[in-house]
Amino acid sequence: MVDALVCATVVACGIAGWATARPKATPPIPATICASDAGAPDYAALYADGHLTIVAVFGEIEGDTARDPALISRAALEAALVARGFVADRDRFTRGATEVTLVGPLPRAEVPAIDTALAAALASPTVDVVYYNGHEYGGSLTALSTPPATGYRVAVLDTCWSTQRYSTALASPTVAVVGNSERAVTGSVASFARFIDGLPARAPWPTLLAPMNALAADRAAIRAPFDRYPDAEHYRHDVRCR
């Protein structure tokens with residue numbers, strides 16, 4: 001499976017980016033946010049115009065424009081999409097009714113640019129899924145703390161501790177949030193490719209999330225000998241607790 005090959009390659013290439021970093025403690029999950037496996041995304045809303053439009057925003061990890069791990073992550077998604085039969089046209093990849101547009105990597109220091117890209121994608125009435133792969137900036141990204149007033153979209157927040165940092169503010173009737181309650185390590189983008197797989201089949205939340213987490217566990221096993229970030233990402237459908 002191409003995702004397994006991408007997973008191994010990305011971790012091998014990305015080791016320099018994370019092996020020298022000092023791990024931080026995982027913050028607690030707020031009592032305001034809960035994980036839910038009930039139901040499915042609102043596919044009637046997502047496919048209201050007959051198309052599924054996805055925007056994937058990448059932010060630099062180390063601020064190294066030439067060799068940043070974000071370049072590896074973007075290339076991994078490009079490879080996964082092409083392997084799935086998507087046709088590439090610069091930043092846009094299409095297959096049938098599904099279109100994926102890639103943005104970035106945007107410079108790590110230019111937080112307003114990242115915020116602007118995310119805000120534009122979330123606010124667009126024609127974008128159905130927004131994916132973010134980059135730093136969590138301590139929960140300071142305004143776009144991920146301000147849900148749009150109207151419409152419906154899915155936001156997949158592939159950052160460290162996005163469940164803790166953003167889900168309470170972003171999860172709402174207009175945004176279905178897939179958060180990550182653990183650290184995100186270079187290579188996590190492969191799980192998003194699995195998420196895309198389930199959308200045309202209108203899969204329920206458990207069917208969308210299980211492959212994402214299974215591949216996260218595989219990546220964690222690959223990097224386990226380096227014993228720096230042994231825990232796998234944990235993707236979940238985050239909802240406000242009742």
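Scroll up to find the structure.
Rules used throughout
Residues numbered from 1 in each chain as written. Predicted model: local features only at pLDDT ≥ 70, side-chain atom pairs only at ≥ 80, totals over all residues. Heavy atoms only, no water. Phe/Tyr/Trp six-rings, centres within 6.5 Å; stacked < 30°, edge-to-face > 60°. Helix = DSSP H or I, 4+ residues; strand = E, 2+ residues; numbered from the N terminus. Buried < 20%, exposed > 50% of the residue type's maximum accessible area, 1.4 Å probe, protein only. Lys NZ or Arg CZ within 6 Å of the ring centre and 35° of its normal. Polar contact = N/O pair within 3.5 Å; in protein donor to acceptor, adjacent residues only side chain to side chain. Core = buried A, V, L, I, M, F, W, Y, C linked by side-chain atoms within 4.5 Å. Contact = heavy atoms within 4.5 Å. Salt bridge = Lys/Arg side-chain N within 4 Å of Asp/Glu carboxyl O. Lys, Arg positive; Asp, Glu negative; His and termini not counted. Axes fitted to C-alpha atoms, helices over the stretch in contact; angles between N-to-C directions. Parallel < 35°, antiparallel > 145°, perpendicular 65-115°, else oblique. Left-handed = near helix turned anticlockwise from the far one by under 90°. Expected span 1.5 Å × (residues − 1). Arc of directions from axis to C-beta.

(A) Here's a closer look at the packing of aromatic side chains. One pass over the full model with this rule turns up three aromatic pairs. Ring geometry for Tyr-131 against Phe-192: centres 4.1 Å apart, planes inclined by 10 degrees, an arrangement best described as stacked. Here the residue Tyr-131 occupies a position in strand β6 (residues 129-133), and Phe-192 occupies one in helix α6 (residues 189-198), the gap between them amounting to 61 residues. Considered together, Tyr-131 and Phe-192 belong to a single accessibility category, that of buried residues. Residues Phe-192 and Phe-195 carry aromatic rings whose centres are separated by 6.2 Å and whose planes lie at 20 degrees to one another, so their mutual orientation is stacked. Of this pair, Phe-192 and Phe-195 both sit in helix α6, three residues apart, which is roughly one turn of the helix. These aromatic residues form a ring-pair network of at least three members: Phe-58, Tyr-131, Phe-192 and Phe-195. Over the ring of Tyr-47 we find Arg-202, and its NZ or CZ is 4.1 Å from the ring centre.

(B) The arrangement of the environment of Thr-146 in detail. Mapped onto the fold, Thr-146 is located in the loop between β6 and β7 (153-158). Engagement of the side chain of Thr-146 in a polar contact is seen with the backbone oxygen of Thr-142, the distance being 3.0 Å.

(C) How the structure looks around the nonpolar core. Among the nonpolar cores identified, the biggest contains 35 residues, and Val-154 and Phe-195 are the most heavily contacted of them. When sequence neighbours within four positions are dropped, the list of residues in contact with Val-154 reads Pro-41, Leu-46, Asp-128, Val-129, Val-130, Ala-176, Val-178, Phe-195 and Trp-205. Listed in part, the 23 residues of the second largest apolar core include Val-55, Ala-121, Tyr-166 and Ala-171.

(D) Focus on unusual backbone geometry. A cis geometry characterises the amide bond from Gly-104 onward to Pro-105, with omega recorded as 15 degrees. Mapped onto the elements, Pro-105 comes out in strand β5 (residues 98-106). With a phi angle near 60 degrees, Arg-90 is a residue other than glycine that sits in the positive phi range. Phi at Tyr-137 takes a positive value of approximately 50 degrees, unusual for a residue other than glycine. With respect to the element layout, Tyr-137 can be found in the loop between β6 and β7.

(E) Local environment of the pattern of salt bridges. Scanning all chains against the criterion turns up seven salt bridges. Arg-92 serves as the salt-bridge partner of Glu-99, at 3.7 Å between the closest nitrogen and oxygen. Linked by salt bridges that have partners in common, Arg-74, Glu-78 and Asp-91 make up one network.

(F) Geometry of the side chain of Asp-128. Tracing the chain through its elements places Asp-128 in the loop between α4 (111-123) and β6. The side chain of Asp-128 sits in the buried core without any salt bridge; Arg-153 is the nearest counter-charge, 7.9 Å away. In this structure the side chain of Asp-128 is engaged in a polar contact, spanning 2.8 Å, whose partner is the backbone nitrogen of Thr-53. Asp-128 has contacts with Ala-45, Leu-46, His-51, Leu-52, Thr-53, Arg-153 and Val-154, leaving out every residue within four places of it along the chain.

(G) Quick peek at the packing of α6 against helix α7 (residues 205-223). The contact between α6 and α7 brings their axes to 8 Å, and the two run at 155 degrees. Relative to α7, the element α6 lies roughly antiparallel. Along this stretch, α6 crosses α7, giving a crossing that reads as right-handed. Where α6 abuts α7, its residues Ala-190, Ser-191, Phe-192, Arg-194, Phe-195 and Gly-198 lie against Trp-205, Leu-208, Pro-211, Met-212, Leu-215, Ala-216 and Arg-219.

(H) Structural detail: helix α3 (residues 69-83). Along its 15 residues, α3 runs 21 Å from first to last C-alpha, staying within 8% of the 21 Å computed at 1.5 Å per residue. For α3, the set of buried residues is Pro-69, Ala-70, Ser-73, Arg-74, Ala-76, Leu-77, Ala-80 and Leu-81. Each buried residue of α3 lies within a common arc of 155 degrees when the element is viewed along its axis, so the set occupies one face. Where α3 terminates, the next one or two residues include Gly-85, which has phi positive at roughly 95 degrees.

None of the figures reported here should be taken as evidence of function without further support.
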